[in-house]
Amino acid sequence: MTNSTTLAPETSEHRATLLFRLCIGVYFLGGFLNSLVGLLVPRLRMIEGLNHTRALLVQFAFHSSYLLFAVPITALVVKFGYMRSIAAGLVVIALGCGLLAASLGSFGYMVVLLALLALASGVTFLQIAANIVVPVVEPTRRAVSRLTFLQGFNSLGTVLASLAGSTLLLGTGRPRTGDLTNHVRVVFPFLAVALVASALASAFIYRRDLLLPSSTPRQVPLSGIVGVLLNRRLLAGAGAMFAYVGAEVTIGTLLVEYLAMPETLGISPVAAGQLVGLYWAGALAGRLVGARYLARYSAPTMLLGCAITAIALVGMAIGLQGPVAASALLAVGLCNAIMYPTIFALALPDDHSTATYASMLLCMVVVGGAIIPLLTGVVADMVGLKIAFGLPGACYIVIAGFAWWRHRTWTL
């Protein structure tokens, strides 16, 4: 006779909920870190005196790792599983933050770029593994909704980093020999990220049993991988993801300088950096609201509407001046809200056992966050910052095209 007091094993629903809660910390940390890296650009540009091209090499170094490391990291994810891979990525992030803090101490430009490349390799683990664990255990419609909700915590991290990081990174001048206080202010946020990443890594190792064996990635032969990567839906989604990340990173990175321009708001870098928090707050609000509506309405339709609105807002930011132009560019954050999780979910093939390889490609095209900002910086150095925003504006046209195509082929 079975003892009625015996605890029932964890249900799949309970496992999914616990996993979702753990992922909240990962997404929050990722947003916080991305925002801090973005604030390094206006620091190098407006305080250290670099031109747009050299300053934006920060984003190039950070986001190019997705292309460089995606393939070997995917092989590790397939071999060791999602949970161990997420933990490994968090450990690498902690080590990378420590290296970046050390390199910022004496401002060695090339060392900073190398530290960012190392740091981003840890983020690549999370991009491939953490983005998959929710879709593989949830129905498609609920997966889009939950991924969007998780992205809300990502945006919360970017908002808080914008508020705190602006004061620490943009409120201090060029470091002087022996100025320990100034050095501590600059490196403190990166050391804080290292501590949180270490704690999260321990939590994922401790609960590595949350994924059922049926959820583990399947090793696919080379010929099969090519078949997965040539999936029309995946390729179209990859193009949209490249455009989205490129546009969001470019605008978020250059907003500080844009808002500080005399013809826009003419405010200090610190004040401009804090206002950038509104850009990320728009994404936060949109993701929290979008998570609810994406559970009810067509994801391609909502993505199309957001892309068209973003095109109009970027056009206003280019053609107008003053508070109206500033408000238009800040409002693009609201349009960005649902784009990443929606594009990701709409791009995945129906066979989730090969999702790791699809995630690899979608992670590799995050290199758009390296290429589009750098190209925008080159254009800005030639013709001015406002006109250069036409490049990220064009990226939203690509997203609108993908949304329209998926709208025509959308089935639940």
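Residues numbered from 1 in each chain as written. Predicted model: local features only at pLDDT ≥ 70, side-chain atom pairs only at ≥ 80, totals over all residues. Heavy atoms only, no water.

Novice: Tell me about empty space enclosed by the protein, and please be specific about residues and values.
Specialist: Per the counting criterion, the structure on display carries four cavities of 30 Å³ or more. For the largest cavity, the calculated volume is near 550 Å³. Forming the walls of the largest cavity are 32 residues, and the residues nearest its centre are Gly30, Asn34, Gln127, Asn154 and Glu248. Elements with a contribution of two residues or more to the lining of the largest cavity: α1 (12-47), α3 (57-80), α5 (109-133), α6 (140-170), α9 (232-260) and α10 (269-293). Tallied by class, residues from the lining of the largest cavity come to 15 nonpolar, 15 polar and two charged. (1 Å grid on protein atoms, 1.4 Å probe; cavity = no way out; pocket = protein on both sides within 12 Å on 5 of 7 lines; lining within 4 Å. Points joined across faces, edges and corners; volume = space filled by probe spheres on them. Helix = DSSP H or I, 4+ residues; strand = E, 2+ residues; numbered from the N terminus. Nonpolar A, V, L, I, M, F, W, Y, C, P; charged D, E, K, R; others polar.)

Novice: Talk me through the packing of α3 against helix α15 (residues 368-383); I want residue IDs and the actual numbers.
Specialist: Packed helices, taken two at a time, are described by the angle between their axes plus the distance between the axes. At a minimum axis separation of 7 Å, α3 and α15 run at an interaxial angle of 165 degrees. In terms of their interaxial angle, α3 and α15 are classed as roughly antiparallel. Between α3 and α15 lies a crossing whose hand is left-handed. Residues Leu57, Gln59, Phe60, His63 and Ser64 of α3 form the contact with α15, whose participating residues are Gly369, Ala370, Pro373 and Leu374. Tallied by class, the residues present in the contact of α3 with α15 amount to five nonpolar, four polar and no charged. (Axes fitted to C-alpha atoms, helices over the stretch in contact; angles between N-to-C directions. Parallel < 35°, antiparallel > 145°, perpendicular 65-115°, else oblique. Left-handed = near helix turned anticlockwise from the far one by under 90°. Contact = heavy atoms within 4.5 Å.)

Novice: Could you give an account of the confidence of the model for the protein chain, naming the residues involved and the relevant values?
Specialist: Confidence in the prediction for the protein chain averages 82 pLDDT; 84% of positions are at 70 or higher. Within the model, the stretch residues 1-9 combines pLDDT values under 50 with zero contacts to residues more than four positions away or in other chains. (pLDDT = per-residue confidence, 0-100.)

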